[in-house]
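Chain and residue survey
Chain residues, written in single-letter form:
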Amino acid sequence: MKMNAAARILAAVIFALSVGGCGGDETSSSATPTPTATPPSSDATLSALSISAGTLSPTFAAETTDYTASTPGSSMTVTPTAAESHATIQVQLNSGDWIAMTSGSASSELTLNVGPNTINVKVTAQDGTTARTYVITETSTFAILNMHDGTNGTQPYILRDVAITILKIINPSGAGS
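Residues numbered from 1 in each chain as written. Predicted model: local features only at pLDDT ≥ 70, side-chain atom pairs only at ≥ 80, totals over all residues. Heavy atoms only, no water.

**Points about the pattern of salt bridges**
Under the counting rule described, the total for this entry stands at one salt bridge. A salt bridge links Glu63 to Arg132; the nearest nitrogen and oxygen atoms lie 3.1 Å apart. Of this pair, Glu63 sits in the loop between strand 1 (46-51) and strand 2 (66-71) while Arg132 sits in strand 9 (residues 131-140), placing them 69 residues apart in sequence. For Glu63, a relative accessible area of 60% corresponds to the exposed category. According to the relative accessible area criterion, Arg132 is partly exposed, its value standing at 25%. (Salt bridge = Lys/Arg side-chain N within 4 Å of Asp/Glu carboxyl O. Helix = DSSP H or I, 4+ residues; strand = E, 2+ residues; numbered from the N terminus. Buried < 20%, exposed > 50% of the residue type's maximum accessible area, 1.4 Å probe, protein only.)

Pasting the structure below:
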């Protein structure tokens, strides 16, 4: 089969285009490379953790997740700071609801029970699956004393760092001892 000159030129152009060449430098490409997306971070650590009352023990370290503290009051705040800016932080007191927080900002006041309280600080990495929970076991050393207020009821009084001497105990029927 014979081809005329125009058909041969057309066939050569089609062949050159199909193998990627049509003159010029065969080692370069004019195609724009597809950008590679950066994978989401899996960093679920804190760079700092502090409390408004008392002292964490041991001293904060990113890889340490269990802490204790004693607080002389009935409330406190926690301030966690994520190591990676895209991580999210939540705080939970005594198995209550998880509350979202802003990294580096203090939580709302956490109302403590007398005795042990568990404060969980959960950090979730940008990837949405990697998480780490820091646990503060806080022991609150305040007491609530219910005192008769001179009417038909009692009033609770919160006592902090005081010594109490009991002079007389009156049972509910009014008899003293």
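**Points about the confidence of the model for the chain**
Here the chain averages 79 in pLDDT, while 62% of its residues score no lower than 70. Throughout residues 160-167 the model reports pLDDT below 50, and contacts reaching past four residues in sequence, or to other chains, amount to six contacts. (pLDDT = per-residue confidence, 0-100. Contact = heavy atoms within 4.5 Å.)

**A short note on the packing of aromatic side chains**
Enumeration according to the criterion identifies two aromatic pairs in this entry. Between the aromatic rings of Phe60 and Tyr67, the centroid separation amounts to 6.1 Å while the plane-to-plane angle is 20°, which identifies the pairing as stacked. A ring pair is formed by Phe60 and Tyr134, whose centres lie 6.2 Å apart and whose planes are at 40°; its orientation type is tilted. One end of the pair, Phe60, is in the loop between strand 1 and strand 2; the other, Tyr134, is in strand 9, with 74 residues separating them in the sequence. Looking at Tyr134, the relative accessible area reads 0%, which means it is buried. A connected cluster of aromatic rings, assembled from ring pairs, spans Phe60, Tyr67 and Tyr134. (Phe/Tyr/Trp six-rings, centres within 6.5 Å; stacked < 30°, edge-to-face > 60°.)

**With respect to the pairing of strand 5 (residues 88-93)**
Bridge count for strand 5 against strand 8 (residues 115-124) is six bridges, and the pairing is antiparallel. Residue pairing for strand 8: Gln90 is matched across the bridge by Lys122. Here strand 5 hands over to strand 6 (residues 99-101) after five residues, with Asn94 in that stretch at a positive phi of 50°. (Pairing = 2+ DSSP bridges.)

**So, the nonpolar core**
In terms of nonpolar packing, the biggest core is built from 23 residues, with Leu49, Val78, Ile119, Val121 and Ile136 touching the most fellow members. Broken down by secondary-structure element, the contributors of at least two residues to this core are strand 1, strand 2, strand 4 (78-82), strand 5, strand 8 and strand 9. Discounting chain neighbours no more than four positions away, the residues touching Leu49 are Leu56, Phe60, Tyr67, Thr79, Pro80, Val121, Tyr134 and Ile136. (Core = buried A, V, L, I, M, F, W, Y, C linked by side-chain atoms within 4.5 Å.)

**Comments concerning the pairing of strand 2**
Looking along a regular strand, one sees side chains alternate from face to face of the sheet. Judged by which residues are buried, strand 2 turns out to be one-sided: Tyr67, Ala69 and Thr71 face inward and are buried, whereas Asp66, Thr68 and Ser70, on the alternate face, are not. Inspection of the sheet shows strand 2 paired to strand 9 by six bridges, in the parallel sense. Each residue of the ladder has a partner; that of Tyr67, found in strand 9, is Ile136.

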